[in-house]
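Residue-level listing of the chains:
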Amino acid sequence: MSTRRRQPAQLCSIIFIFGGNLPPRSPQDFTLLWNPFSDPLTFAVQLVTLVVFVELFDNEQTQLILLRSDPLEGVVDYRGRPVSRSGSGRLTSALFIIGVEIAERFVFYGICSNLITYLTGPLRESTAAAAAGVNAWFGVASMLPLFGAFLADSCLGRYRTIVLASILYLLGLSMLSFSATLPSLQPPKCRDINDTAACKPSTFQVAFFYFSLYLVAFAQGGHKPCVQAFGADQFDQNDPKERAARSSFFNWWYFGMCGGNVLTIPVLNYIQDNLGWGFGFGVPCIAMLLALILFLLGTKTYRFYLLDHEDPFTRLGKSFVTLVRRSRETQGSKEEYEDDVDHAEEAKGILKLFPIWATCLVYGVAFAQSVTFFTKQASTLDRNIVSGLQVPSAALQSFITLSVVAFVPIYDRLIVPVARKFSLISSGITMLQRIGTGMFVSIVSMVIAALVEMKRLKTARDYGLVDQPGTPIPMSFWWIVPQFLLVGIADVFTMVGLQEFFYDQMPDALRSLGLALYLSIFGVGSFISSFLVSVVDETTKKGQGISWFSDNLNRGHLDYFYWLLGGLSALELAIYLFFTKDYVYKAKGNITVN
């Protein structure tokens, strides 16, 4: 071996000895030594070594060695070369992608969680208009993944779509920062809160802000469905061990996403409320840049699935056409369409998903309240921790992520193993049972929210604060924490269950679309919430003179609205149980355990 080849190998050996392991001699050795759950120093050293190691062994000879061991059919690396099971994908690649998702969710929810405060503050919108605006924006952001999935599955591929969406993210976040920083774009400060007409932002300022905001929504539409599908692609569904790891991946994906936001979102909300919105929008921009860099660093470890020669959406159209034609043909002519059986079965499988999708929409409506009325409700309470330190109302949404972080390990390591012993299903309970359990928890959260609001209104009356909306009600913010915690627990069941269900039950070529359909539940739910708020607002103004969503919440009746949502959620759960009781899963949907 030449000196030039010997020196990199010696460098790799030194690094791994320092990291506490014997030096790797082959890619298979590295796979055995790689341990992301070791102590932080060893983990950091091995992560650096991973990059060096991939460079050292990135040659044609090593590729041949890997392919002789266990090649993967239809899977290539970033250069389009075939890859092996041991030399690509799995946990190593998933860690990069989970890190990217943590940063992206911090960016998105960093804006979404406190958006109603910005709309009712600098933009001077009413409570009802701001809530409808947040719901509309969140709805669009949740529907656009359908377009992003179309681009990814039909022409661009998931990797390129993620990169392009990240660049759009950076552009939108930069524009949001400018809208809150530059004097010509920044809404004027209001000295007299009672004279809102004198300090309203100009039409151009409002238009620039909303254009920037919806550009972020458009970027999220390309990013969200592809990142998660790309992460799940790193596990081979035909390998029992990797398939079990993929099911656990969805749990820990959501755990990492929420865990990263437990501390970061409250800090960002504090910056927005106390240091200014320019910084509040600028920090997410920096985080998105770091996420893009991290994603690119993992390029050489990813598994890339080859796009079908046939556009998957064209294939989907043919499937539905075939299904219709077969249903109209007589018995004698059915043989003519024997080759189209697969297309027809695909169409039937997708149609089976529609009742599940439709009966989850009210859950999406209930979910939308955590970033709108829950936050406004919290803003009226005593949020002081110690003298001079007040918790931002939007920061209370962190209790959602905190409950997710606490409950995912309980679910994955305690509930699933216990349930597995009785059900003999690898996931413990079926995906549909998991979704339905979360729906029930969501109903409980709406009931708790209504009871707490009744208590809040009574306290305001008892202390004579009904007509003093600017004065905090002498009622601790801890009263409102349980409803946030229950939303998080419901998410562990329903949201994660929906992610896995729509990924698993869609045809392989349309899995980005499957995750986009899951996201569209919350998009359509937000639109329904916006419509419902507008209708209730107008109706109660005419009938009672005061809206349930009055700008003075002490005069409103959010409790009535929460009771309404609780009733609709109960009706939804009953319909959901009716449609799911006879559902037949796609092959390999739930693997039994011996």
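As a starting point, this report considers the structure included with it.

Rules used in this analysis
Residues numbered from 1 in each chain as written. Predicted model: local features only at pLDDT ≥ 70, side-chain atom pairs only at ≥ 80, totals over all residues. Heavy atoms only, no water. Axes fitted to C-alpha atoms, helices over the stretch in contact; angles between N-to-C directions. Helix = DSSP H or I, 4+ residues; strand = E, 2+ residues; numbered from the N terminus. Parallel < 35°, antiparallel > 145°, perpendicular 65-115°, else oblique. Left-handed = near helix turned anticlockwise from the far one by under 90°. Contact = heavy atoms within 4.5 Å. 1 Å grid on protein atoms, 1.4 Å probe; cavity = no way out; pocket = protein on both sides within 12 Å on 5 of 7 lines; lining within 4 Å. Points joined across faces, edges and corners; volume = space filled by probe spheres on them. Nonpolar A, V, L, I, M, F, W, Y, C, P; charged D, E, K, R; others polar. Expected span 1.5 Å × (residues − 1). Buried < 20%, exposed > 50% of the residue type's maximum accessible area, 1.4 Å probe, protein only. Polar contact = N/O pair within 3.5 Å; in protein donor to acceptor, adjacent residues only side chain to side chain. Core = buried A, V, L, I, M, F, W, Y, C linked by side-chain atoms within 4.5 Å. Phe/Tyr/Trp six-rings, centres within 6.5 Å; stacked < 30°, edge-to-face > 60°. Lys NZ or Arg CZ within 6 Å of the ring centre and 35° of its normal.

## So, the packing of helix α5 (residues 90-112) against helix α13 (residues 277-297)
For step 1, the next point in the chain: Where α5 contacts α13, the two axes come as close as 9 Å, and the packing angle between them is 165 degrees. Taken together, the axis directions place α5 and α13 in an arrangement best described as roughly antiparallel. Our pair here, α5 against α13, has a crossing hand that is left-handed. Mapping the contact onto sequence places Phe96, Gly99, Val100, Ala103, Glu104, Phe106, Val107 and Ile111 in α5 and Phe281, Val283, Pro284, Ala287, Met288, Ala291, Leu294, Phe295 and Leu297 in α13.

## With respect to empty space enclosed by the protein
For step 1, the next point in the chain: Within this structure, the stated rule accounts for 3 cavities of 30 Å³ or more.
For step 2, the next point in the chain: The computed volume of the largest cavity comes to approximately 240 Å³.
For step 3, the next point in the chain: In terms of lining residues, the largest cavity is bounded by 17 residues, among which Tyr109, Asn261, Gln397, Ile400 and Thr401 are the most central.
For step 4, the next point in the chain: Within the residue set of the lining of the largest cavity, elements represented by two or more residues are α5, α11 (240-259), α12 (261-274), α18 (398-423) and α20 (481-505).
For step 5, the next point in the chain: Looking at the lining of the largest cavity residue by residue, the class counts come to 9 nonpolar, 6 polar and 2 charged.
For step 6, the next point in the chain: One number sums up the size of the second largest cavity: a volume of about 120 Å³.
For step 7, the next point in the chain: Taken together, 15 residues make up the lining of the second largest cavity; nearest its centre are Arg105, Tyr109, Phe138, Tyr518 and Leu519.

## So, helix α7 (residues 127-143)
For step 1, the next point in the chain: For α7, spanning 17 residues, the distance from its first C-alpha to its last is 24 Å, which sits close to the expected 24 Å at 1.5 Å a residue.
For step 2, the next point in the chain: Of all 17 residues in α7, 13 are buried, a share of seventy percent or more.
For step 3, the next point in the chain: Regarding α7, its N-cap is Ser126, as a side-chain oxygen of that residue lies 3.2 Å from the backbone nitrogen of Ala129 further along.

## Structural notes on the nonpolar core
For step 1, the next point in the chain: Among the nonpolar cores identified, the biggest contains 144 residues, and Trp137, Phe209, Phe501, Phe522, Phe549, Phe561 and Tyr562 are the most heavily contacted of them.
For step 2, the next point in the chain: Leaving out residues up to four positions away in the same chain, Phe549 has contacts with Thr127, Ala128, Phe373, Val533, Val536, Asp537, Leu558 and Phe561.

## Remarks on unusual backbone geometry
For step 1, the next point in the chain: Residue Arg124 is not a glycine yet carries a positive backbone phi of 60 degrees.
For step 2, the next point in the chain: When you line up the elements, Arg124 lands in the loop between α6 (115-120) and α7.

## Describing the packing of aromatic side chains
For step 1, the next point in the chain: Tallied over the full model, the rule gives 38 aromatic pairs.
For step 2, the next point in the chain: Judged by centre distance (5.2 Å) and plane angle (65 degrees), the rings of Phe367 and Phe522 are edge-to-face. Taken together, the residues Phe367 in helix α16 (residues 361-368) and Phe522 in helix α21 (residues 511-544) connect sequence positions 155 residues apart. Summarising the burial analysis for this pair, Phe367 and Phe522 share the class buried.
For step 3, the next point in the chain: Lying across the ring of Tyr583, Lys352 places its NZ or CZ 4.7 Å from the centre.

## Re the environment of Thr430
For step 1, the next point in the chain: Turning to its location among the elements, Thr430 is positioned in the loop between α18 and α19 (431-462).
For step 2, the next point in the chain: A relative accessible area of 13% means that Thr430 is categorised as buried.
For step 3, the next point in the chain: Measuring from C-alpha to C-alpha, the distance between Thr430 and Phe501 comes to 9.4 Å, with 71 residues separating the pair along the chain.

## Focus on the packing of α18 against α20
For step 1, the next point in the chain: Viewed as axis vectors pointing N to C, α18 and α20 meet at an angle of 45 degrees, and their least axial separation amounts to 8 Å. By the angle between their axes, α18 is oblique relative to α20. As α18 runs across α20, the sense of the crossing is right-handed. For the pair α18 and α20, contact is made by Phe399, Ile400, Ser403, Val404, Phe407, Val408 and Tyr411 and by Val481, Phe484, Leu485, Val487, Gly488, Ile489, Asp491, Val492 and Phe493, respectively.
For step 2, the next point in the chain: Partitioned by chemical class, the residues of the contact of α18 with α20 number 13 nonpolar, 2 polar and 1 charged.

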